[in-house]
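Examining the three-dimensional arrangement
Listed here are the chains, written in short residue letters.
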Amino acid sequence: MSFTGIDNLESGEALEAALRRIGDERYHNRHPFHRLLHGGRLDRGQVQAWALNRYYYQAMIPIKDASLIARCDDPAIRREWRSRLVDHDGTSENDGGVARWLALTDGLGLERAYVTSLRGLLPATRFAVDAYVHFVREKSLLEAIASSLTELFSPQIISERVSGMLANYDFVTPETLAYFSKRPPQAQRDSDFALACVKAHAATQESQKAVLAALEFKCAVLWSMLDALYAAYIEPKHLPPGCFDAG
């Protein structure tokens, strides 16, 4: 989607339609790596590499959200947004989305201490996730909120992922994938709120362009993480020194 010559979208509905077009074109469910993952065409080591690298993204989401809350002067937004911290960090040590992601890496046979040490991360994973955290800290609050709108599209990819992985990998169980059973209703709640904020406050052509660019940026973050996985573990298998060896 190009912003060249874009006119004022006039209504929140038109802005929403433009945001959804970005998801249709750029969300990472279209990436070849995901097609391989969901289609059962990866081996155990390649699935482990995906889960290990994705852990860093999951672990940094509450840090990203906490930074958004810290710079928000609207208590209504802060109250709503802090539910995301509970979703990811939980209310106890073994609760929440990050803990459930570690249960996923446990179930795939990865040592938890190795996963949380981040020693096996691909450099591009670290750069992409850190870029997202910096974006939320440094851009306008409206752009930070808009960047979370990839959640509009996550229920579809979660459905494809769970059904595809359970059907195709004998080393995956429903318990291994428990993280994904919680996410669709959470993502729906969060994206409904974020979309309402964006539609209410992106009232100028400049702010509308910024909102659309923020979602494009976030899609690029997710896409680039899969590019790195593909290059390291699928083709041409150029594994950076010190990274997780799927062999």
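See above for the structure.
Residues numbered from 1 in each chain as written. Predicted model: local features only at pLDDT ≥ 70, side-chain atom pairs only at ≥ 80, totals over all residues. Heavy atoms only, no water.

It is worth spelling out the pattern of salt bridges at this point. Opposite charge on two side chains makes pairing possible when the charged atoms of those side chains draw close. This structure, assessed with the given rule, holds nine salt bridges. A salt bridge links R189 to D190; the nearest nitrogen and oxygen atoms lie 2.9 Å apart. Classification of D190 as buried rests on a relative accessible area of 3%. In this structure, a network of salt bridges that share partners links the residues E16, R20 and K199. (Salt bridge = Lys/Arg side-chain N within 4 Å of Asp/Glu carboxyl O. Buried < 20%, exposed > 50% of the residue type's maximum accessible area, 1.4 Å probe, protein only.)

The first and last C-alpha atoms of helix α1 (residues 12–26) sit 21 Å apart over 15 residues, in line with the 21 Å expected at 1.5 Å per residue. Those residues of α1 hidden inside the fold are in contact with α10 (178–201) and α11 (205–233). (Helix = DSSP H or I, 4+ residues; strand = E, 2+ residues; numbered from the N terminus. Expected span 1.5 Å × (residues − 1). Contact = heavy atoms within 4.5 Å.)

Here the structure, examined in full by the defined rule, presents 11 aromatic pairs. With centroids separated by 6.4 Å and ring planes inclined at 45°, the aromatic side chains of Y114 and F244 adopt a geometry described as tilted. On the criterion of sequence distance, the pair formed by Y114 in helix α6 (residues 112–117) and F244 in the segment after α11 is long-range, its members being 130 residues apart. An aromatic cluster is defined as three or more aromatic residues linked by ring pairs; in this entry it consists of W50, W101, Y179 and F180. A cation sits over an aromatic face here: R84 above W81, 3.7 Å from the ring centre. Its end group placed over the ring of Y56, R126 keeps NZ or CZ at 5.6 Å from the ring centre. (Phe/Tyr/Trp six-rings, centres within 6.5 Å; stacked < 30°, edge-to-face > 60°. Lys NZ or Arg CZ within 6 Å of the ring centre and 35° of its normal.)

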